[in-house]
Number of protein chains: 4
Amino acid sequence: MMNDASNTNTMKAEDTPELRKLYEDFEAEHLKPLWTQIDDLMPVVPNPKALPHIWKWSKLFPLAERAGELVPVGRGGERRAIGLANPGLGGRAYISPTLWAAIQYLGPRETAPEHRHAQNAFRFVVEGDGVWTVVNGDPVRMSRGDLLLTPGWHFHGHHNDTDHPMAWIDGLDIPFSYQNDVGFFEFGSDRVTDYATPRFSRGERLWSHPGLRPLSELKDTVSSPISAYRWEHTDRALAEQLLLEDEGQPATVAQGHAAVRYINPTTGGDVMPTIRAEFHRLRAGTATLPRREVGSSVFQVFEGRGEVVLNKQTTKLEKGDLFVIPSWVEWTLQAQTQFDLFRFSDAPIMERLNFARIQVERGGQ
Amino acid sequence: MMNDASNTNTMKAEDTPELRKLYEDFEAEHLKPLWTQIDDLMPVVPNPKALPHIWKWSKLFPLAERAGELVPVGRGGERRAIGLANPGLGGRAYISPTLWAAIQYLGPRETAPEHRHAQNAFRFVVEGDGVWTVVNGDPVRMSRGDLLLTPGWHFHGHHNDTDHPMAWIDGLDIPFSYQNDVGFFEFGSDRVTDYATPRFSRGERLWSHPGLRPLSELKDTVSSPISAYRWEHTDRALAEQLLLEDEGQPATVAQGHAAVRYINPTTGGDVMPTIRAEFHRLRAGTATLPRREVGSSVFQVFEGRGEVVLNKQTTKLEKGDLFVIPSWVEWTLQAQTQFDLFRFSDAPIMERLNFARIQVERGGQ
Amino acid sequence: MMNDASNTNTMKAEDTPELRKLYEDFEAEHLKPLWTQIDDLMPVVPNPKALPHIWKWSKLFPLAERAGELVPVGRGGERRAIGLANPGLGGRAYISPTLWAAIQYLGPRETAPEHRHAQNAFRFVVEGDGVWTVVNGDPVRMSRGDLLLTPGWHFHGHHNDTDHPMAWIDGLDIPFSYQNDVGFFEFGSDRVTDYATPRFSRGERLWSHPGLRPLSELKDTVSSPISAYRWEHTDRALAEQLLLEDEGQPATVAQGHAAVRYINPTTGGDVMPTIRAEFHRLRAGTATLPRREVGSSVFQVFEGRGEVVLNKQTTKLEKGDLFVIPSWVEWTLQAQTQFDLFRFSDAPIMERLNFARIQVERGGQ
Amino acid sequence: MMNDASNTNTMKAEDTPELRKLYEDFEAEHLKPLWTQIDDLMPVVPNPKALPHIWKWSKLFPLAERAGELVPVGRGGERRAIGLANPGLGGRAYISPTLWAAIQYLGPRETAPEHRHAQNAFRFVVEGDGVWTVVNGDPVRMSRGDLLLTPGWHFHGHHNDTDHPMAWIDGLDIPFSYQNDVGFFEFGSDRVTDYATPRFSRGERLWSHPGLRPLSELKDTVSSPISAYRWEHTDRALAEQLLLEDEGQPATVAQGHAAVRYINPTTGGDVMPTIRAEFHRLRAGTATLPRREVGSSVFQVFEGRGEVVLNKQTTKLEKGDLFVIPSWVEWTLQAQTQFDLFRFSDAPIMERLNFARIQVERGGQ
């Protein structure tokens, strides 16, 4: 990777018995020389082991259904969640070094018991309804297009109030938490604490009024207090951006490309300290500029058809398909129909630690 | 005011010819001793010259109507706005040392020309409709219960699109700006730049979606980009708080007292750097605890009947009535019916400069 | 002031009996029309009543000495401080609408009793030594060139430990606090609580180590915990800037112009929420570019000779001379010798409330 | 780890052919069930693979000397740095999942060539002198007790200006950067750009004045602009804390325990976005309370003798010894003589991402 060292004074030690002995003695003392490993450890640009990869919803969902038949849900395993395991990350259910993504499946009348953990989590619903997630005692309806938050150390469980199963995706920072040894976990109730099925959660009723903050809630919170971001708002915000663009007004992030970021209303910043969530809508025929970013992103197609180009490889995408873009991998989205995609990423980690960088190919388009 | 100095070593200079000569010489050199004026300059608690005062809408509105008949609106005077002049502040149209409040009146088909100024401004509509305020080219409908912002250095004009007059209140930081010499002013178009009358302004279409931020607008702004805070949202937020209270959930700021603060969605903070805006709803029969705050506030009754107690004096209030609470004056609100009040204040000044203090009488109630 | 309104639709109401009656009725209801006063209230650029003015140390100091003979120091008047009264501000000891500046004089063995107030204060020593200011119980030596802080609500008193008198300048935000009714005041001990005369205060011993923060003090503070900024550090910092400039390195704020801002080490920001303090050193022969700023500044010459040009009027300056620059008044400094000046201003108010603006004439020099 | 699940409805799927087939199909689609791995992935408390470990300076330094004889320094390997490899992290030169620590050795008259990288780095000197590190062109002397910064993307090289070798420790966030794919790397000059050997660097001359900020440098920086934190300041700050404690004043972090944090003077916060640096001094006979923290720390003994208790195991420590405390491992320090220790950690990562937690055993002492 670091291949341009053209000077003569290179660090090539002669392979002598003394050197070998030195390296053995290093080993015995738990030491490793930098000079033999710097090319791998400190690449010229990020060189992720994670690979760009696409999971087809048409494969995922039937597997989740089969799990629903064979695996009970309950205490211990906690969730019937099937993690997307990046083929480059050798076995762990890591979709990237920082992020976890899974399809979770809950059968008719099932309950996933309550627990809490330091890891931050959300759910996004690509289809179906009928499940309520109960977050710190507040029952939150889950419906198509909604983003639901369960920030770190909030108790949460799920229950299916219907006679049909439901599936959705979970996003968490499990790999980051695991790798950096920051996780705590605690069991809660074996059932959910409230089986009510209100249309709107208390979090929404308190917080989902544009530009208004309850006077009883003036202290900023680490994560968003909005328990559910409803599809009707997301859809309307995107529709308005495209209408404004039609009227010649600045509104979209690029021509034909509407997008919103989900935010914590107490700060205007990301919904959780480690996870960014966004929704993107491309008009039919639109393509994004080729782009690289530090950090990893996961997209799920919500509606429409299109393609993603990852490291020059093009793949067709349909509703429910998920793909991961590892750090510094070049990507482009192309819309064949109106193309709606949910996105989440580890960008808050990169920005808060000042590692964020973006490179956009302007020449290309 | 500073009356407890009980030690003997007081600063009483003997009244001698030498002292008089010294004071004359001070005068000649533009000097003033502290010791003769400290009691006034540095009181034990704030001792405002501004007085608590109430203006009745039943008096204000007819006077505004008469102004509508006698005074044309146009360039030079700029606005048919009649300022509320605190009786303690001797002549200036200052409702407090920091704030300006006025009733503005626009006749059928009239236009108030465009200008901009460093002073921050808002409008609140206690009754009527039919006027659009055009802020940096964006026409914003004004309807009952709406809060409309024109932050510092935004061009703005108003036009009445109907055959009936309309009145509303303006709030600004004119006294603060004047006193501290921070004002700039620039004329714009003699007409408004856009006579369109859309139901929703571009600012709202881009920003009034709860918890969603346009990806094209990631830079935080000094003032809120939400051009209009609509009554339907405010009303619903307050109603939900009271319903949640009925359900035994934390939501209201005190028993029977729902309240929201209008915020800048890019930061979660106040709508403008110098002005806070809130809306309060008291259930019938509710009273607030006696309270003193550093800084001054203005309330306008939006709906319902009640009373305000200012420095132990009780006054009945009806729709449209305005009152000012100067710094550190004790106040209580009492609701006879459901009682809705709009409030604005200079609290952001006090908080940003670390002068804010609040004292609540807990024993009283 | 607002003189360019060239359209025909001006707000000139005909002077009729009805209009006069309307204005009378306004008066009775404590109302003032905007249209008759907007030119004064909302000028095109700041139009301060405060005037640029210079006070000569050669006049100030002898007057302070005479006060020392005629006026005892003690409880009630609290301080033998003689305020600089801006000639444009009609009688109050306001050097500007926001700032107070005074010469304070303490005779041999005298004590100024302890008190505290919401107002923020500092002292700067242009000559002399021998007084200790005791801030929240911590005795702080006052010597030539030192800046001493007594932030809002810190108890403080002064005592002269020598047989010679000492004078210095006090800077406070009294006018701002008075105007906006934010002041609180409390008496403390009639004597100072600690008559020790250590070379370094506890605040310095804890905090005056560059780039180091005590682990016991990790909570950020509103005002700087550094009780005294010593001349030796200021002098060296300025000297190094000029040496770096000589070496061709970026260091000075402009060619020949070294400057430092005194900061709160817990935030890197200004020492107090309302007052900025800086020290400027100009090489002989250097002049600053003509400049206007929103907000007011006070300078005191510490050493050397030069001139200030205020609104095109040039005045010679010597050691100890003080001058005020009201908002938006153009100013230039010219150094005849190496020219050292202490500066304080209300810039934190302007910046925190987003009223700050600066205009520099680049063409001129 | 997650061993308290006492309910009956556990997630034990029967081991059937269908289940095996399902797991095979998961594998084929790059999926992993959560329920089989949650105990490992989401432990009740952090369960680091990294082990507490101690490296003796008496072993390290001779190995570095031998490397100095056998391995040239130069382009490619870049540095004669020998990384401390945590025995629990299987081979990589990671002292913890986030941090890199190495001993670097530079022979007489040698130069380590310039480069820059996104990774943040510092050096701390436990003994010796004679090397200058050149950071973005600014030569910085390295002497015993000094902390030197080379924040992310700053060019830096080192040269030994003497006829004796020198060794020091390097600290970086290489493991974190590697794991999260955020690294960029660029070669600079094969020599250092400036072989001057000034006593003080330009960074120090501009910034190392307590409480003073150059007016030419008002923009906050991501990392500290102080290039070198000198021992004389650190030593004096610690000595003053203990003297203040002797005087009965609050100053130390606990009885007998003085400590400072190195900070970025533009913000008052940590020196770099991912690395915290502190210096601790314990009086002879003092012990710290048993303590656990999220995140990992590395200590190096600077002077004196004592012990560390890591997970109940006590080890004697002498000058130069290094040890790592992985996340949530309980630790205590005990001083036999006055005991000086340098510490660095990943605490800024934990705090910025809201994973920080601390648990102190108060009962124990």
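Conventions adopted
Residues numbered from 1 in each chain as written. Chains lettered and ligands numbered in written order. Predicted model: local features only at pLDDT ≥ 70, side-chain atom pairs only at ≥ 80, totals over all residues. Heavy atoms only, no water. Buried < 20%, exposed > 50% of the residue type's maximum accessible area, 1.4 Å probe, protein only. Helix = DSSP H or I, 4+ residues; strand = E, 2+ residues; numbered from the N terminus. Pairing = 2+ DSSP bridges. Expected span 1.5 Å × (residues − 1). Arc of directions from axis to C-beta. Contact = heavy atoms within 4.5 Å. Buried area = accessible area lost by both parts, 1.4 Å probe. Salt bridge = Lys/Arg side-chain N within 4 Å of Asp/Glu carboxyl O. Polar contact = N/O pair within 3.5 Å; in protein donor to acceptor, adjacent residues only side chain to side chain. Nonpolar A, V, L, I, M, F, W, Y, C, P; charged D, E, K, R; others polar.

(A) Examining the pairing of strand 15 (residues 257-262) of chain A more closely. Most of strand 15 of chain A is tucked away, with six of its six residues classed as buried. In strand 15 of chain A, alternate side chains face the same way, and those of H257, A259 and R261 of chain A on one face and A258, V260 and Y262 of chain A on the other are all buried. Pairing of strand 15 of chain A with strand 16 (residues 276-282) of chain A, which is carried by five bridges, proceeds in the antiparallel orientation. Across the sheet, the residue bridging to R261 of chain A is E278 of chain A, located in strand 16 of chain A. One ladder, built from three bridges, connects strand 15 of chain A with strand 13 (residues 212-214) of chain B; its direction is antiparallel. In the sheet register, R261 of chain A faces strand 13 of chain B, and the bridge partner there is R213 of chain B.

(B) Molecular detail of the sheet that holds strand 4 (residues 100-106) of chain D. Reading across from one edge, 1(A)-3(D)-4(D)-11(D)-6(D)-9(D)-14(D) is the order of the seven strands in this open sheet, with antiparallel pairing throughout. Both outer strands of the open sheet, strand 1 (31-33) of chain A together with strand 14 (228-229) of chain D, are each paired with one neighbouring strand and no more. Of the strand pairs in this sheet, strand 3 (residues 81-84) of chain D and strand 4 of chain D are connected by three bridges, and their pairing is antiparallel. Looking at strand 4 of chain D, one finds that A81 of chain D is bridged to Q104 of chain D.

(C) Representation of helix 3 (residues 57-70) of chain A. All names here are of chain A. Helix length check: helix 3, at 14 residues, gives a terminal C-alpha distance of 20 Å against a target of 20 Å (1.5 Å per residue), a fit within 8%. When helix 3 is considered as a whole, its buried residues turn out to be W57, L60, L63, A64 and A67. Seen end-on, helix 3 carries its buried residues on one side only, within an arc spanning 135°. The outward face of helix 3, more than 90 degrees from its buried face, is lined by the exposed residues S58 and E69.

(D) Region of interest: the interface of chain C and chain B. Taken together, the contact between chain C and chain B spans 100 residues of the former and 100 residues of the latter. Interface area, chain C with chain B, both sides summed: about 9000 Å², of which 67% is carbon and sulfur. Where chain C meets chain B, there are six salt bridges. Our count for the chain C to chain B interface comes out at 31 residue pairs in polar contact (both at pLDDT 80 or more). Within the side of chain C that touches chain B, the residues separate by chemical class into 55 nonpolar, 23 polar and 22 charged. Examined bridge by bridge, strand 1 (residues 31-33) of chain B and strand 3 (residues 81-84) of chain C share three bridges and lie antiparallel to one another. Counterpart to P33 of chain B in the pairing with strand 3 of chain C is I82 of chain C.

The quantities given are spatial measurements derived from coordinates; they are silent on function.
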